[in-house]
Amino acid sequence: MQYISTRGDAPRLNFEEVVLTGLARDGGLYVPETWPQMSKDEIRGLAGKSYAEVAAQVLQPFLGDCISPTEFREMTEKAYGTFFHKAVVPLSQLGENEFLMELYHGPTLAFKDVALQLLGLLYDHLLGKQDKRVTIIGATSGDTGSAAIEACRGRDAVDIFILHPAGRVSDVQRRQMTTVLDSNVHNIAVEGDFDDCQAMVKAMFNDLEFRDRLSVSAVNSINWARVMAQIVYYFTTAVSLGGPDRPISYSVPSGNFGDIYAGYCAHKMGLPIDQLIVATNRNDILSRFFNTGEYRKTGVNPTVSPSMDIQVSSNFERFLFELCGRDGSAIKERMRQLDDEDGFAVNMSQMNEALFSAGNCSEQDTLSTIKSTLAESNKLIDPHTAIGLKVSEDCRSNSAVPMVCLSTAHPAKFPVAVEKAIGKYPELPAHLDDLFDRDEKFDQLQNDLGTVKSYITKRARILSSV
Ligand SMILES: *Cc1c(COP(=O)(O)O)cnc(C)c1O
């Protein structure tokens, strides 16, 4: 399997190179050159297998000969062995033909663990083979940072530096990052906001000399391996609800478009899907696009679902690439328009993807959906999940088709919003119930690129190894 860039001007790479590179040299994102196909018989054959077994089978074609099936099978076993539920991604039932896909049973309580637990092992394996090291640098407003730290802690080949805005992430989110005391984990509290953190990370990626010297790598969802790992749970849930012999619908709380794009990939591989519903909060660039064909930036508003407070969705470019007939030069032009003119429009006749529906959800509806779901189905959900549920009710076209809402975080991760909705604080699960007694380790730095760069340069072990 080879990978090509969405902008058509970067070298084709194999799986190993794509995982370690992240962004393509022409500014595009890597996608598989062809979609591996699974026949109905092969999909039926997934029934009754463990999550780790299904992951190994569904993902093997994406690896080419970079990792042997036996080695990869060991990796999926290990990655999903860290989850606090034997089913890894269990389904629960909310109503008639309505289900919740519980993606929050990993170490940091958000769906990002599903991909990052595997990515951490992929780094170890691929770097160990070459006797190399990487320096991971990322900015977080909450969930990505803790999931990435948890996936990389204690790994010999990796040093990880995560920037968060000082005083602007929730106590639970901060402590999930800062109570990890391994020596390869570095938390930086920046005296600024999330945009300041992200701008500094971007500047470090654009400083090619710095980037090469420290072998900087990315763990956000521009990394193909993250999207890839998310394809698996569309297959496991479909099979347990009667797929591939009946189509299933999915509603996905969306921000960077990584999670729902993975559903689209599953469909491209042969999984029958009736509807893919894009659910957004009032930062609704995605739902506006699917309803009007126009993709236009408007600025970010803070909401009670902060992990979806996103202005431009990085993975949307991968979808647009398919929509434009895999024409790299068309994507380049659209991305130029996005930078220079704040947006672009796609001819709706090009949008022959009847598969997608989209809608947004207000703050008020988010909170009332948390409340009504607890009252009607005795299930406490987080604000992101509530958005998926509410929009699925608005957009669902056929009630005979099972509707699966992706539940992307545990309610205890967003206690303030949950308390607002139901009048009491959600409890942390047992493995985190001493979170507030643990020691914290982080350094607070000025909002200054030079200061942050020299902090990282001093601590990244890559320099001493060359
Ligand atoms: C990251 C995140 C999302 C958004 O997922 P995308 O892949 O960026 O669309 C939704 N909910 C939660 C809880 C998240 O952490």
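Anything mentioned here points back to the structure above.
Quick caveat, the model's predicted, so the values are computed rather than measured.

Is there a simple way to explain the pattern of salt bridges in this structure?
Oppositely charged side chains may form a pair once their charged atoms are brought near each other. In the structure shown here, the tally under the stated rule is 28 salt bridges. Residue arginine 213 is joined to glutamate 209 by a salt bridge in which the shortest nitrogen-to-oxygen separation is 2.8 Å. Of the two residues, arginine 213 and glutamate 209 both sit in helix 9 (residues 208–214), four residues apart, roughly one turn of that helix. By relative accessible area, arginine 213 is classed as partly exposed at 37%. Since its relative accessible area comes to 48%, glutamate 209 is described here as partly exposed. Two residues, arginine 438 and aspartate 434, come together in a salt bridge whose shortest N-O distance is 2.7 Å. Exposure remark for arginine 438: the relative accessible area of 27% places this residue in the partly exposed category.

Could you clarify how one ought to interpret the site of the ligand in this entry?
The local shell around the ligand holds 15 residues, among which Lys112, Asp143, Gly255, Asn256 and Thr408 are the closest. Contact distances for the ligand include 3.2 Å between an oxygen atom and a backbone N or O atom of glycine 258. Aspartate 259 places a main-chain nitrogen or oxygen 2.9 Å from an oxygen atom of the ligand. In the complex, 96% of the free accessible area of the ligand, which totals 380 Å², lies under the protein chains. Taken together, the residues of the shell around the ligand break down into five nonpolar, seven polar and three charged.

Is there a simple way to explain helix 18 (residues 449–459) in this structure?
For helix 18, every residue scored as buried is listed here: Val452, Lys453, Tyr455 and Ile456. Projected down its long axis, helix 18 shows its buried positions confined to an angular sector of 160°, all on one face. Against the buried residues of helix 18 lie strand 5 (134–139), strand 6 (158–165), strand 7 (185–190), helix 8 (194–206), helix 9 and strand 15 (443–445).

Mind showing me how you'd approach the side chain of glutamate 16 here?
Note on placement: glutamate 16 falls in helix 1 (residues 15–21). On the basis of relative accessible area, glutamate 16 is assigned to the buried category, the value being 11%. One polar contact links glutamate 16 to lysine 129, side chain to side chain, over a distance of 3.3 Å. Once you skip the residues sitting within four places of it in the chain, glutamate 16 turns out to touch Cys66, Leu126, Lys129 and Gln130.

Sorry if this is basic, but what is going on with the state of the cysteines here?
According to the stated counting rule, one finds zero disulfides in the structure shown. Cysteine 197 takes part in no disulfide bond, and the closest cysteine sulfur to it belongs to cysteine 152, at a distance of 18 Å. Here cysteine 324 stays unpaired: no disulfide links it, and the sulfur of cysteine 265, its closest cysteine neighbor, is 16 Å away.

Looking at this structure, how should I read the packing of helix 6 (residues 143–152) against helix 7 (residues 171–178)?
Packed helix pairs are characterised by how far apart their axes lie and by the angle those axes make with each other. Relative orientation of the contacting elements helix 6 and helix 7 amounts to 25°, with a least axis distance of 8 Å. With respect to helix 7, the element helix 6 is oriented roughly parallel. For the element pair helix 6 and helix 7, the recorded crossing hand is left-handed. Every residue of helix 7 that contacts helix 6 at Asp143, Gly145, Ser146 and Ile149 is listed here: Gln173, Gln176 and Met177.

Looking at this structure, how should I read the sheet that holds strand 9 (residues 248–253)?
Picture the strands of a sheet paired through backbone hydrogen bonds; they go either parallel or antiparallel. Spatial ordering of the open sheet is given by 3-4-14-9-10-13, a layout of six strands whose pairing is mixed. Each edge of the sheet is formed by a strand with only one pairing partner; in this case those strands are strand 3 (91–95) and strand 13 (356–360). Looking at each pair of strands side by side, their axes are set apart by 25° on average, direction ignored. Across five bridges, the pairing between strand 10 (residues 273–280) and strand 13 is parallel. Bridge pairing links valine 278 to alanine 358 in strand 13. The sheet contacts of helix 11 (residues 258–268) involve strand 9, strand 10, strand 13 and strand 14 (403–407), and relative to strand 10 the element is tilted by about 170°.

How should I be thinking about the environment of valine 252 in this particular structure?
With respect to the helices and strands, valine 252 occurs in strand 9. Using a relative accessible area of 0% as the deciding quantity, one classes valine 252 as buried. C-alpha of valine 252 to C-alpha of alanine 358: the two residues are 106 residues apart in sequence and 9.6 Å apart in space. When near neighbours in sequence (up to four residues on either side) are disregarded, valine 252 contacts Tyr234, Asp259, Ile260, Ile277, Val278, Ala279 and Leu406.

Looking at this structure, I do not really get the pairing of strand 3. What am I missing?
As a general feature of sheets, a regular strand has side chains that alternate between the two faces. Bridge count for strand 3 against strand 4 (residues 98–102) is four bridges, and the pairing is antiparallel. In the sheet register, glutamine 93 faces strand 4, and the bridge partner there is phenylalanine 99. Between strand 3 and strand 4, which pair antiparallel and follow one another directly, the connecting turn spans two residues, one of which, asparagine 97, has a positive phi of 60°.

Thresholds, definitions, all that
- Going along each chain's sequence as written, the residues are numbered from 1 onward.
- Under the rules for a predicted model, residues below a pLDDT of 70 receive no local features and side-chain atom pairs below 80 are neither given nor counted, while totals for whole chains, interfaces and linings still include all residues.
- The side-chain numbers reported here are obtained from all heavy atoms of the structure, hydrogens and water having been left aside.
- Salt bridges, as used here, are contacts in which a Lys or Arg side-chain nitrogen is within 4 Å of a carboxyl oxygen on Asp or Glu.
- Runs of E in the DSSP output that reach at least two residues are strands. Runs of H or I that reach at least four are helices, and both are numbered from the N terminus.
- Here's how the labels work: a residue is buried when its accessible area is under 20% of the maximum for its type, exposed when over 50%, partly exposed in between, all with a 1.4 Å probe on protein chains only.
- Here a residue is near a molecule or strand as soon as one of its heavy atoms is found within 4 Å of it.
- Distance and chemistry together define a polar contact, namely a pair of N or O atoms within 3.5 Å, with one atom able to donate a hydrogen and the other to accept it when in protein, and with adjacent residues in sequence counting only for side-chain atoms on both sides.
- Accessibility throughout is a Shrake-Rupley quantity obtained with a 1.4 Å probe, and a residue counts as covered only by protein chains that appear here.
- The classification used treats Ala, Val, Leu, Ile, Met, Phe, Trp, Tyr, Cys and Pro as nonpolar, Asp, Glu, Lys and Arg as charged, and all other residues, Gly among them, as polar.
- Within this analysis, the arc is defined by the directions that extend from the helix axis to the C-beta atoms.
- Two residues form a contact once any of their heavy atoms are found within 4.5 Å.
- Pairs of cysteine sulfur atoms within 2.5 Å are identified as disulfides in what follows.
- Whenever a helix is involved, its axis is fitted only over the stretch in contact; in every case the axis is a line through C-alpha atoms, and angles between N-to-C directions fall within 0 to 180 degrees.
- By the definition adopted for this analysis, an angle is roughly parallel if under 35 degrees, roughly antiparallel if over 145, roughly perpendicular if from 65 to 115, and oblique otherwise.
- If you view the pair so one helix is near and one far, a crossing is left-handed when the near helix is turned anticlockwise from the far one by less than a right angle, and right-handed when it is turned clockwise.
- A pair of strands is considered paired only if DSSP assigns at least 2 bridges between the two.

In short, the description is geometric, and any link to function would need to be established separately.
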